[in-house]
Amino acid sequence: MDVDTRLLRYFAAVAEEGRLTHAAQRLFVSQPALTKQIKQLEAQLGVVLFTRSRTGMALTEAGRALAERVPGLLADWDRMLRETKAAASRAERVLRVGFVASGANEATPGIVAEFARRRPGWRAEMRQAAWSNPSAGLADAEVDVALVRLPFPGQDAVRVVPLFTEPRWVALADGHPLAAREVIPFRELYDEPFVAAPPETGRWRDYWLAADEREGHPVRIGAVTDQPDDWLSAIANGYGIALAPESASRFYARPGVTYRPVTGVSPSQVAVAWAPADDTNPVVRDFVRCCLKGMQGGCG
């Protein structure tokens, strides 16, 4: 019998938290979706893993037996997956670099070029991730290092070094009544519909909706997208507005969309991130050094 490791991760979270609501928050998924996954695992195994009550989720005897084994199994799987992919990258002399949006903005090409200078024969393979994957592939061991926007789900489990900050602006349709303004206070956007990332992105979605900076005003969702082209189309067609880094006005300019500065919201932060297992990886360390020195005007 083959069981998806994702189901085992969901099981482990519920077992540790003891409540579906807490586990769902930790996993950045909805409670109904988590309930469905737990039922799917029980169906595959043919056993009941939890007894459900108003006070929470209690492990059955079968559930306790599984809970004792799952953490070690998942840790071994993650280590094997990362080591296997890392070995393939070393053999090909390729460093897999994930990124979201525009990466490190205008500094990205210089960082990549300097990495090639530092590591003759090596190549930084840039892999752009959808907004539904804000760790840019790092969480799934799809990349060795990533240029990310903080905060993102799973951030506490990896190494993160901030590189720079930039203001958050707002993207609106050209015909929006506020598009003619030079600067827009965020409080004037509280009641606007927003174009949002998928719900499973958790903290990432909340941050780009400025959910914690609304003085208690609820968020209105006008559309959900996970790709830049879809995001721009939703804004241009008037389905909603969206917060974006200032650099989006350069990297994601398109007819029908206007970008304006916003006051009253915190800035966006770009960072380089990698797995703790790669703390001593000299190739990853070289890339991180290039990122840090690139913020000072060039690696060297």
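What you are looking at is a predicted structure, and each value in this text was computed from that prediction instead of being measured. (Residues numbered from 1 in each chain as written. Predicted model: local features only at pLDDT ≥ 70, side-chain atom pairs only at ≥ 80, totals over all residues. Heavy atoms only, no water.)

1. Looking at the overall build of the chain
The helix and strand inventory of the chain stands at nine helices and 13 strands. For a compact globule of 300 residues, the expected C-alpha radius of gyration is about 19 Å, and the chain comes in at 22 Å, within 12% of that figure. For the chain, the proportion of its 300 residues judged to be buried stands at 48%. The contacts of the chain with a sequence gap of at least 6 include a subset with a gap of at least 24, amounting to 73%. Carbon and sulfur atoms provide 51% of the accessible area of the chain, an area that totals close to 14,700 Å². Each charge sign in the chain was given a centre, from 36 positive and 36 negative side chains, and these centres are 3 Å apart. (Helix = DSSP H or I, 4+ residues; strand = E, 2+ residues; numbered from the N terminus. Rg over C-alpha atoms; globule rule 2.2 N^0.38 Å. Buried < 20%, exposed > 50% of the residue type's maximum accessible area, 1.4 Å probe, protein only. Contact = heavy atoms within 4.5 Å. Areas by Shrake-Rupley, 256 points an atom, 1.4 Å probe, with all protein chains shown as cover. Lys, Arg positive; Asp, Glu negative; His and termini not counted. Charge placed at Lys NZ, Arg CZ, Asp CG, Glu CD.)

2. Considerations on the nonpolar core
The biggest cluster of nonpolar side chains holds 47 residues, and the ones touching the most others in it are Val148, Val170, Phe186, Leu189, Trp231, Leu243 and Tyr259. Contributing elements (two or more residues each) for this core: β5 (145-150), β7 (168-173), β9 (193-196), α6 (203-208), α7 (228-236), β11 (242-245), β12 (257-263) and β13 (268-274). Not counting chain neighbours up to four residues away, the residues in contact with Val170 comprise Ile184, Leu189, Ile241, Ala242, Leu243, Thr258, Tyr259, Arg260 and Val262. (Core = buried A, V, L, I, M, F, W, Y, C linked by side-chain atoms within 4.5 Å.)

3. What about the sheet that holds strand β3 (residues 94-99)?
Within the open sheet, the five strands sit side by side as β4-β3-β5-β13-β6. Their pairing is mixed. Edge positions in the sheet fall to β4 (123-128) and β6 (159-166), since each has one partner strand and no second. The sheet shows a mean angle of 25° between the axes of neighbouring strands, direction not considered. Helix α5 (residues 108-118) contacts β3, β4 and β5 of the sheet and is inclined by roughly 150° relative to β4. Strand contacts of helix α9 (residues 282-294): β3, β5, β6 and β13, with the helix running at about 160° to β13, the strand carrying the most contacts. (Pairing = 2+ DSSP bridges. Axes fitted to C-alpha atoms, helices over the stretch in contact; angles between N-to-C directions.)

4. Re helix α3 (residues 31-45)
Since the α-helix packs 3.6 residues into each turn, any two residues three or four apart lie on the same face. With 15 residues, α3 ought to run about 21 Å at 1.5 Å a step, and its terminal C-alpha atoms sit 21 Å apart, in line with that. Listed as buried for α3 are Leu34, Thr35, Gln37, Ile38, Leu41 and Glu42. Projected down its long axis, α3 shows its buried positions confined to an angular sector of 165°, all on one face. Across from the buried face of α3, at angles greater than 90 degrees, the exposed residues are Pro32, Lys36, Lys39 and Ala43. Remark: Gly46 follows α3 within two positions and exhibits a positive phi of approximately 75°. (Expected span 1.5 Å × (residues − 1). Arc of directions from axis to C-beta.)

5. Overview of the sheet that holds β12
On the basis of which strands lie adjacent, the open sheet formed by four strands has the order β8-β12-β7-β11 and mixed pairing. Each edge of the sheet is formed by a strand with only one pairing partner; in this case those strands are β8 (184-185) and β11. Sheet analysis places β8 next to β12, joined by two bridges and oriented parallel. Opposite Pro185, over in β12, you have Thr263 as the bridge partner.

6. Quick notes on the packing of α5 against α9
Viewed as axis vectors pointing N to C, α5 and α9 meet at an angle of 135°, and their least axial separation amounts to 9 Å. Comparing the axis directions of α5 and α9 gives the class oblique. Of the two possible hands of crossing, α5 and α9 adopt the one that is right-handed. Contact residues: Ile111, Glu114, Phe115 and Arg118 in α5; Val283, Asp286, Phe287, Arg289, Cys290, Cys291 and Lys293 in α9. Its residues assigned to classes, the contact of α5 with α9 shows six nonpolar, no polar and five charged. (Parallel < 35°, antiparallel > 145°, perpendicular 65-115°, else oblique. Left-handed = near helix turned anticlockwise from the far one by under 90°. Nonpolar A, V, L, I, M, F, W, Y, C, P; charged D, E, K, R; others polar.)

7. Regarding the packing of aromatic side chains
Counting across every chain of the model gives six aromatic pairs. When the centroid spacing of 5.4 Å and the interplanar angle of 85° are considered together, the rings of Phe186 and Tyr190 count as edge-to-face. Classification of Tyr190 as buried rests on a relative accessible area of 7%. By way of ring pairs, the aromatic residues Trp204, Tyr207 and Trp208 are connected into one cluster. (Phe/Tyr/Trp six-rings, centres within 6.5 Å; stacked < 30°, edge-to-face > 60°.)

8. Quick look at the environment of Tyr207
Here Tyr207 is to be found in helix α6. On the basis of relative accessible area, Tyr207 is assigned to the buried category, the value being 14%. Along the primary structure Tyr207 and Asp229 are separated by 22 residues, whereas in three dimensions their C-alpha atoms are 20 Å apart. Here Tyr207 is in contact with Leu150, Pro151, Arg168, Ser266, Pro267 and Ser268, once residues within four sequence places are set aside.

9. Regarding the pairing of β12
Sheet topology note: the β7/β12 ladder contains five bridges and is antiparallel. Paired with Trp169 across the two strands is Pro261, which belongs to β12.

The quantities given are spatial measurements derived from coordinates; they are silent on function.
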